[in-house]
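Breakdown of the fold
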Amino acid sequence: QGQLVESGGGLVRTGGSLTLSCAAAGFSIKFRPMAWYRQAPGKSREFVAYINSGDLSTYQDSVKGRFTISRDNAEMKIYLQVRNLRPEDTALYYCNAPKVGGMDEHWGQGTQVTVSS
């Protein structure tokens, strides 16, 4: 059974930075796209960033230029570097392996990012 485990969240001041990590177990990330989502209190889960197997990435407009998604296939990890954080970035950040072809979708349990003003 595949599993994703996020880490690296925390409490930071406005303008601060964090690096979120997502470790995969039980399945390979090498040939599949991966993504980060987030959910703020009282809001729906929203897309943040996506990286395909060829390392091409896309971002939600509000995080472009501040967030960077990357992958290390050998370590079976996905990263989200978040910089210049704003209070509106406060959310539970989730790692996702989208359903592709016959491969199952996977979600992590989330890591909390809280940005104080």
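Residues numbered from 1 in each chain as written. Predicted model: local features only at pLDDT ≥ 70, side-chain atom pairs only at ≥ 80, totals over all residues. Heavy atoms only, no water.

**Quick notes on the overall build of the protein chain**
Looking only at helices and strands, the protein chain has 0 helices and 11 strands in total. The C-alpha atoms of the protein chain give a radius of gyration of 14 Å, which matches the 13 Å a tight globule of 117 residues would have. Taken along the three principal axes of its C-alpha coordinates, the protein chain extends 45 × 25 × 25 Å. In the protein chain, which comprises 117 residues, the share counted as buried stands at 40%. Surface summary for the protein chain: the accessible area is close to 6100 Å², and the carbon and sulfur share equals 49%. Side chains of the protein chain give 13 positive and 10 negative charges; the mean places of these two sets differ by 3 Å. (Helix = DSSP H or I, 4+ residues; strand = E, 2+ residues; numbered from the N terminus. Rg over C-alpha atoms; globule rule 2.2 N^0.38 Å. Buried < 20%, exposed > 50% of the residue type's maximum accessible area, 1.4 Å probe, protein only. Areas by Shrake-Rupley, 256 points an atom, 1.4 Å probe, with all protein chains shown as cover. Lys, Arg positive; Asp, Glu negative; His and termini not counted. Charge placed at Lys NZ, Arg CZ, Asp CG, Glu CD.)

**Re the state of the cysteines**
Scanning all chains against the criterion turns up 1 disulfide. Two residues share a disulfide in this structure: cysteine 22 and cysteine 95, whose sulfurs sit 2.1 Å from each other. As the torsion about the S-S bond is roughly -80°, the cysteine 22-cysteine 95 disulfide counts as left-handed. In this pair, cysteine 22 sits in strand S3 (residues 18-25) while cysteine 95 sits in strand S9 (residues 91-97), placing the two residues 73 residues apart along the sequence. Overall, the relative accessible area of 1% leaves cysteine 22 in the buried class. (Disulfide = S-S within 2.5 Å.)

**Focus: the environment of alanine 23**
Examined against the element boundaries, alanine 23 turns out to sit in strand S3. A C-alpha to C-alpha distance of 6.0 Å links alanine 23 and methionine 76, two positions 53 residues apart in sequence. Apart from the residues within four sequence positions on either side, alanine 23 is in contact with Gln3, Leu4, Val5, Met76 and Lys77. (Contact = heavy atoms within 4.5 Å.)

**Observations regarding unusual backbone geometry**
The phi angle at aspartate 55 is positive, at roughly 70°, despite the residue not being glycine. Of note, aspartate 55 is situated in the loop between strand S5 (46-51) and strand S6 (57-59). Its relative accessible area of 47% is what places aspartate 55 among the partly exposed residues. Backbone geometry at methionine 76 places phi at a positive 60°, although glycine is not the residue there. You can see methionine 76 is positioned in the loop between strand S7 (67-72) and strand S8 (77-82).

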